[in-house]
Structures are given as C-alpha cells and as structure tokens.
Amino acid sequence: MSAADLTPPEAARWAARSGLPLPNERHAPVAATADHIRSVVSVLRELDFGDTPPSFAYRAGGEQHDAAV
C-alpha cells in the first residue's frame, strides 16, 4: 500500500463528513474503490489533448463516408 492510498478509517471519515455514514464492513471496499478511481483519473490526467478540439466543435452526423464497398 502506497502513502497515497486511502485507508478504511479515512474512507469512513470522509463518507461521514459527506453525510453518508458507512457500516464497518463497507470501510475497506469503499477505500479500495476510491483508490481505483483515483488511479484511473491519474492516468487520464497524463493524456495530452493539445490538438483535440473542444466538444462543441464536433458535429454528430457530419462525417464524410468515402470508403468503397
């Protein structure tokens, strides 16, 4: 477990602060799920979207299909 991992007691404390008290048997699964989500988000933050236009520039259905059948 790395120093950045959320511990079960911390997960319980954060949930309680949010108004969602957890039963004791849910502390560890919630902490593991939060750690997984954090790891996925950290990978997404590393992606370079420099040349990607903003979503409002995309027009669905406006693609040109020029493949021969």
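Given the structure is predicted, the values throughout are model-derived calculations rather than measurements.

### Overview of the pattern of salt bridges
A pair can form between side chains of opposite charge whenever their charged atoms are brought close. In this structure the tally under the stated criterion is one salt bridge. The partner of Asp35 in a salt bridge is Arg38, with the nearest N and O atoms 2.8 Å apart. Note that Asp35 and Arg38 are positioned in helix α2 (residues 27-46) at a spacing of three residues, about one turn of the helix. Classification of Asp35 as buried rests on a relative accessible area of 17%. We classify Arg38 as partly exposed; its relative accessible area is 42%.

Rules of the game
- Residues numbered from 1 in each chain as written.
- Predicted model: local features only at pLDDT ≥ 70, side-chain atom pairs only at ≥ 80, totals over all residues.
- Heavy atoms only, no water.
- Salt bridge = Lys/Arg side-chain N within 4 Å of Asp/Glu carboxyl O.
- Helix = DSSP H or I, 4+ residues; strand = E, 2+ residues; numbered from the N terminus.
- Buried < 20%, exposed > 50% of the residue type's maximum accessible area, 1.4 Å probe, protein only.

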